[in-house]
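Structural overview
The residues making up each chain are set out below.
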Amino acid sequence: YLHLLEKNNVFLDESQADAVSETKGSLLVLAGAGSGKTRVLTARTAYMLDVEQIDPHSIMLVTFTSKAAAEMKNRLLSYPQMKKEKINQLVTGTFHSIFYRILMYHDAQNWSSNKLLKKEWQRDKILKEAGKELNLSEKEFAYDLALQQIGYWKNSLLMPHEVKPATDFEEKAVFLYRKYEEYKDREGHFDFDDMLIGCYKLFSSFPSILEQYQDRFHYFLIDEFQDINKVQYELIKLLSRKHKNVCAVGDDDQSIYSFRGSDPSYLLDFEKDFPYARVVTLDQNYRSSHEIVSTSNQMIAANKIRRTKKMKAQFSSRMPPALFFPYDEEEEATMIVTDLQERIANGASPSDFAILYRTNAGSRAVFERLASSNLPFKVDLDADSFYDRYIVKCALAFLKISLNEDDNQALSDILPFLFLKQAVLKDIKAISILQDFSFLEAISHLKTAHSFQEKKLIKAVTSIRTLKQLSPLTAIEKIEKDIGFLDFLKKRGNESNKLEKGSDDLKDLKVAAKSFDSIDALLVHAEHMSAMNKEIKNLSKHFTEAITLSTIHRAKGLEYQGVYIIGAVDGSLPHDFALDSYRNGDFTAIEEERRLFYVAMTRARESLFISVPSNRRGKKANRSRFLIPLFKKRK
Ligand code: ATP
Ligand code: MG
């Protein structure tokens with residue numbers, strides 16, 4: 001059979017073949033990026049189906065994303081003799097999709113799919129409602145981080161009463177957690193994490209159901225095992241108890257989801273819970289050139305907590321990995337798009353390339369440059385347009401009001417910054433009708449309880465009125481200063497002990513604003529980009545021949561002929577918050593950032609360009625500390 005695979009261009013080296021064809025008992029494949037782990041998993045499944053004639057119903061094949069699951073099915077389809085029906089009978093998908101199906105089958109919770117809290121804002125709303133009991137300010141408390149923390153606890157199977165809060169923030173978060181769970185139970189709602197927890201509870205409370213699945217599933221194959229979290233691990237442990245056949249593949253150097261409770265020690269300590277597991281290591285990198293393999297290995301070797309691995313490449317590239325040094329984000333985008341245009345004109349396919357970044361916000365400039373080029377590209381479906389981000393929207397709302405004092409939507413966006421509740425909107429409208437004032441004018445005539453606040457309002461209105469004569473950049477700076485935008489954000493930041501997310505967005509906005517002469521032009525541009533983002537997202541599903549724009553997190557497991565990593569400066573990669581905890585003596589976050597950089601580099605097959613802008617967010621930036629030992633200083 002392996003010979004047959006080879007005839008169909010699916011080559012396996014000796015260790016890979018060993019991992020594919022020895023299907024008795026548990027197996028751990030621990031190996032670096034590009035060594036063929038995913039290929040082993042796919043070929044092993046094919047081998048079990050085709051050679052050993054194993055019932056596809058008894059195989060559970062877990063991938064990290066649904067896209068990866070689809071990709072894996074496609075690969076299987078291309079294998080010799082493979083029947084489509086068999087592949088469709090396999091239980092494949094992400095942990096969430098598989099266990100949700102099981103849960104639904106037993107109708108254990110009476111959840112109907114319209115009760116799923118799918119969007120972050122839905123969960124956010126519940127927390128904010130609960131936060132009122134603690135008098136937490138809607139805008140100042142870091143609800144987004146509280147939500148992340150709750151997800152972390154849930155995935156670690158810590159129920160609210162089991163959490164031991166270590167900080168003031170955690171204390172508040174655990175209160176919200178309890179309220180959030182109570183609310184969901186009351187209303188019959190559930191979230192993604194509940195799909196796993198629900199299943200875990202189902203199995204723990206009904207041994208007969210558990211047994212039914214223990215009997216059904218003989219084989220478990222799990223990709224990206226380094227990012228498994230507690231609840232997922234416990235589920236697999238429970239289910240595999242009878243047949244003891246778990247095949248896990250992963251790379252501890254690519255563990256990048258610890259904020260969601262992922263823990264690479266499940267991979268590294270696999271043999272503890274699966275004592276008779278065979279361990280196979282792979283040491284050939286089939287994906288990347290020798291130059292890329294050695295540079296990325298050298299980078300990751302600086303991490304203290306890791307297993308060392310040997311990794312040999314198969315081929316050399318004409319282009320070794322290279323740094324380039326644009327002036328700022330704008331020039332970075334221009335350089336990349338120009339380069340892409342040239343390479344595509346010379347015959348490369350757009351789908352050969354990916355542009356990778358640390359956070360979605362960091363992609364604004366490349367998105368815009370690509371949008372105004374004729375090159376096809378696709379973006380993450382989750383990513384909002386930069387101009388739809390909360391703080392950016394608010395800042396733009398001020399500008400909109402300066403041009404149109406009656407802009408209703410913009411007015412409601414800026415109320416929190418004037419410390420006015422949404423309820424006063426009615427008063428403002430009443431005053432404006434009775435006195436024939438514009439909305440903005442009506443604000444300065446509001447009767448508030450404190451004369452001090454009245455003065456502030458009048459000052460704010462006066463200041464908004466001066467904006468329209470200014471350049472967009474100066475106008476935004478004026479909003480920051482006069483309206484107390486920055487103080488507002490700082491409060492929000494301190495609450496969470498992390499840097500103010502919003503203030504970064506504001507810095508990005510200022511960089512963008514520089515290119516426009518008038519406020520109107522900036523606003524039109526923002527509208528256009530926001531619409532464009534929605535359009536591209538809709539199109540992305542159908543685009544095959546397109547350049548990929550993606551966060552590094554989302555690019556895990558994938559590969560491209562050419563990769564551009566942007567924003568390789570301290571503060572971005574490593575991210576500011578990791579640098580912060582490093583200063584406080586904790587190096588785990590910075591090691592995760594280094595793994596993230598490693599994941600990014602190892603996506604490239606032949607060409608890898610790393611962009612180190614000398615200015616970021618309007619300030620001088622330093623080359624990422626991860627790069628310093630690898631590349632010689634710029635002359
Ligand atoms: P990652 O850690 O990034 O998920 P991986 O270990 O899963 O990587 P794969 O994606 O399975 O690696 O393989 C990397 C590339 O090498 C793919 O293009 C794959 O088709 C190819 N490949 C794997 N094994 C071989 C082989 N024995 N001969 C030739 N090419 C191979
Ligand atoms: Mg893989």
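Residues numbered from 1 in each chain as written. Chains lettered and ligands numbered in written order. Predicted model: local features only at pLDDT ≥ 70, side-chain atom pairs only at ≥ 80, totals over all residues.

Per an unreviewed UniProt entry, the protein chain goes by DNA 3'-5' helicase and derives from Neobacillus ginsengisoli. Quoted verbatim from the Sequence similarities (unreviewed entry) field of UniProt, the annotation for the protein chain is "Belongs to the helicase family. UvrD subfamily." (UniProt positions renumbered as here; feature names shortened; annotations may be inferred.)

1. Observations regarding the overall build of the protein chain
The number of helices and strands found in the protein chain is 28 helices and 16 strands. Against the globule reference of 26 Å for 635 residues, the protein chain gives a C-alpha radius of gyration of 27 Å, in line with a compact fold. Each principal axis of the C-alpha distribution contributes one length, and for the protein chain these read about 85 × 60 × 45 Å. With 635 residues in all, the protein chain has 42% of them scored as buried. (Helix = DSSP H or I, 4+ residues; strand = E, 2+ residues; numbered from the N terminus. Rg over C-alpha atoms; globule rule 2.2 N^0.38 Å. Buried ≥ 20, exposed ≤ 12 C-beta atoms within 10 Å, placed from the backbone.)

2. What about the site of ligand 1?
Of all residues adjacent to ligand 1, which total 18 residues, the nearest are Gly 36, Lys 37, Thr 38, Arg 39 and Tyr 286. Sort the elements by how many residues they give to the shell around ligand 1 and helix α3 (residues 37-50) lands first, with three residues. Across the shell around ligand 1, the residue classes break down as four nonpolar, eight polar and six charged. (Near = placed C-beta within 6 Å. Nonpolar A, V, L, I, M, F, W, Y, C, P; charged D, E, K, R; others polar.)

3. A short note on unusual backbone geometry
The peptide bond linking Leu 573 to Pro 574 adopts the cis configuration, its omega dihedral lying at 10°. By the secondary structure assignment, Pro 574 is in the loop between β13 (560-565) and α27 (576-583). Despite not being glycine, Asp 436 has its phi angle at roughly 60°, a positive value. Tracing the chain through its elements places Asp 436 in the loop between α20 (424-435) and α21 (439-444). Owing to 9 C-beta atoms within 10 Å, Asp 436 belongs among the exposed residues under this scheme.

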